[in-house]
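One letter stands for each residue in the lines below.
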Amino acid sequence: QRGVFTYDPGFTSTASCESKLTYIDGDAGVLLHRGYPIDQLAEQSTFMEVAYLLLNDELPNAEELDRFTYTISRHTMVHEQLATFFRGFRRDAHPMAIMCGVVGALSSFYHDSTDITDPRQRMIASHRLIAKMPTLAAMAYKYSVGQPFLYPDNTLSYPGNFLRMTFGVPAEKYEVDPLIEQAMDRIFILHADHEQNASTSTVRLAGSSGANPFACIAAGIACLWGPAHGGANEAALNMLREIGRPERIPEYIARAKDKDDPFRLMGFGHRVYKNYDPRAKVMQKTANEVLDKLGVTDPVFDVARELEQIALKDDYFVEKKLYPNVDFYSGVILSAIGFPTSMFTVLFALARTVGWVAQWNEMIADPDQKIGRPRQLYVGPTQRDYVPLDKR
Ligand code: SDX
């Protein structure tokens, strides 16, 4: 079944795109990347393998993976002038505000990979974005805590390089913890791509005009930031912390069900999944493993598990088919690793850049691709004549 996405808001206009990248069955809770189930990829492959799979048609063999990983590692550094760009932000700027700015600014540094008509340049731009996102994300974090930027160390793995640039300091040797490295890699895989979600559709729409890939990814980052989308991981952990204790859960469940209360359970519900988000299952399992092995007992995790149990038995959530999504447990792991909540959506954007560039490449490579132009159902006034100011 080719993944055919048809959006019909209930009237004439439909916008559809065909894609071979990701298939979701929302009722069955199935997510496949080029046919491979997400739980198998998350537990048996690496983020570099999944990145290769999404950018090409097949999983790489050992030689292809080595070459791809080496290619990505050649692009991990950013132009030195970009570092000064960070210093223009207030120290308390939200890291997602910084990422929107600096990723868009990449288009002013890499003119040799903005010609979208050249497949070779498109792939160089894609490799640059995948390679530089961890460096930029780590720089956004370092800037927020007033520590010096660290250059990439290409002897490390993709997640290991990111962890060292984020948590390492020049004064000490940073040892990458294999457990954290594996958890980070798995979290990246779980966020890599997800069909035509809001931010991916933003990247496709921006790209359909011929905009350069760096600007398109910056547009995707801006869209992902919203609390209804990628910003939900930050909002979910803040909500769990606000609940604080299992005995306060009923109060929040009641608020979530109250039509007059704008409060929603963050990390619950989905536009497509009307069953358990398969990524949430792997995320909960990973949270268990990481907290156990780190010896972390985070009361927030107990609140999350208790909240899930209560909600899944509540008629409101059952009738409306609301289940935990990818954002419900991710914050528990990221917090245990040491990330502040303000970095959660940055990590989502870091990983989703693989899906965004793969979807962008797939669209641009289509010779029949046209500029996106959603239509509307006009419900405003019918035609009427102008009324001069002195007659109003
Ligand atoms: C992501 O699209 C993707 O693929 C996105 C994503 C990806 O990988 O790219 O999966 C990532 O964005 C996951 C979603 C993260 N967002 C949140 O966790 C925020 C909390 N969830 C919601 O705000 C909500 O569930 C949405 C935005 C995700 C979906 O909202 P919809 O489209 O309104 O959901 P729906 O149509 O299924 O809602 C059915 C009913 C509605 O009530 P009624 O109008 O029928 O009375 O359920 C209610 C909603 O109000 N509802 C909730 C709820 N989510 C939906 N009620 C309480 N708590 C919630 N979380």
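You'll find the structure just up there.
Residues numbered from 1 in each chain as written. Predicted model: local features only at pLDDT ≥ 70, side-chain atom pairs only at ≥ 80, totals over all residues. Heavy atoms only, no water.

**Quick look at the overall build of the protein**
Condition: Secondary structure elements are taken from DSSP: a helix is a run of H or I of four residues or more, a strand is a run of E of two residues or more, and numbering for both begins at the N terminus. Throughout, the radius of gyration refers to the C-alpha atoms, and the reference size of a globule is 2.2 Å times the residue count to the power 0.38. A 1.4 Å probe rolled over the protein chains alone gives each residue an accessible area, and that area as a share of the maximum for its type sets the label: buried under 20%, exposed over 50%, partly exposed in between. Here a residue-residue contact requires only that any non-hydrogen atoms of the pair lie within 4.5 Å. Note on areas: Shrake-Rupley with a 1.4 Å probe; residue coverage comes only from the protein chains shown. Neither His nor the chain ends is counted toward charge; the positive residues are Lys and Arg and the negative residues Asp and Glu. A charged residue contributes its charge at one atom only: NZ of Lys, CZ of Arg, CG of Asp or CD of Glu.
Looking only at helices and strands, the protein features 17 helices and five strands. What you see for the protein is a C-alpha radius of gyration of 22 Å, in line with the 21 Å of a compact globule of 392 residues. Structurally, the protein occupies a C-alpha span of about 75 × 60 × 55 Å along its principal axes. When burial is assessed residue by residue, the protein has 50% of its 392 residues classed as buried. Within the protein, contacts between residues at least 6 apart in sequence are counted, and of these 72% link residues at least 24 apart. Counting every atom, the protein has about 18,800 Å² of accessible surface; 52% of that belongs to carbon and sulfur. Computing the positive centroid from 41 side-chain charges and the negative centroid from 48, the protein places the two 5 Å apart.

**Considerations on the site of the ligand**
To keep it simple, the criterion reads: We call a residue near a molecule or strand whenever a single non-hydrogen atom of that residue lies within 4 Å of it. Any N or O atom pair separated by 3.5 Å or less is treated as a polar contact, with the protein-specific requirement of one donor-capable and one acceptor-capable atom, and with residues adjacent in sequence counted only for side-chain atom pairs. Nonpolar residues are Ala, Val, Leu, Ile, Met, Phe, Trp, Tyr, Cys and Pro. Charged residues are Asp, Glu, Lys and Arg, and all others, Gly as well, are polar.
Taken together, 25 residues lie around the ligand, and H194, R264, H270, K274 and R279 are the ones closest in. Between the ligand and K274 there is a distance of 2.5 Å, counted from an oxygen atom to a side-chain nitrogen or oxygen. About the coverage of the ligand: the protein hides 80% of its 1,100 Å² of free accessible area. Considering only residue class, the shell around the ligand consists of ten nonpolar, seven polar and eight charged.

**Focus on the nonpolar core**
Put simply, the rule is: Residues enter a nonpolar core if they are buried and are Ala, Val, Leu, Ile, Met, Phe, Trp, Tyr or Cys, with the set joined through side-chain atoms within 4.5 Å.
Of all hydrophobic cores here, the largest spans 117 residues; its most connected members are M99, V103, L136, L265 and F339. Here the element with the most residues in this core is helix α17 (residues 344-364); it accounts for 14 residues. With residues near it in sequence (within four places) discarded, M99 still touches G104, M133, L136, A137, A140, I221 and V346.

**Looking at the pattern of salt bridges**
Operational definition: Counted as salt bridges are all cases of a side-chain nitrogen of Lys or Arg within 4 Å of a carboxyl oxygen of Asp or Glu.
Here the structure, examined in full by the defined rule, presents 15 salt bridges. D261 serves as the salt-bridge partner of R255, at 2.7 Å between the closest nitrogen and oxygen. With a relative accessible area of 29%, R255 lands in the partly exposed category. On the basis of relative accessibility, which here comes to 17%, the residue D261 falls in the buried class. Two residues, R279 and D277, come together in a salt bridge whose shortest N-O distance is 2.7 Å. Of the two residues examined, R279 and D277, each falls in the buried class. Each member of the salt-bridge network shares a partner with another, and the members are E43, R186, K285 and E289.

**Description of the pairing of strand β4 (residues 30-33)**
Look at any regular strand and the pattern is simple: side chains alternate between the two faces of the sheet. Formally: For two strands to be treated as a pair, DSSP must find at least two bridges joining them.
Side chains L31 and H33 of β4 all project onto a buried face; the interleaved residues V30 and L32 project onto a face where none is buried. In the sheet, strand β3 (residues 22-25) pairs with β4 via four bridges, with the strands oriented antiparallel. The partner of I24 across the bridge, within β4, is L31. With antiparallel pairing between neighbouring strands as the criterion, β3 and β4 make up a hairpin whose turn holds four residues, including G29 at a positive phi of roughly 70 degrees. As judged from the two bridges shared by β4 and strand β5 (residues 36-37), these two strands associate in the antiparallel manner. Along β5, the bridge assignment pairs H33 with Y36. Connecting β4 to the antiparallel partner β5 that follows it, the hairpin turn spans two residues, and R34 within it adopts a positive phi of roughly 45 degrees.

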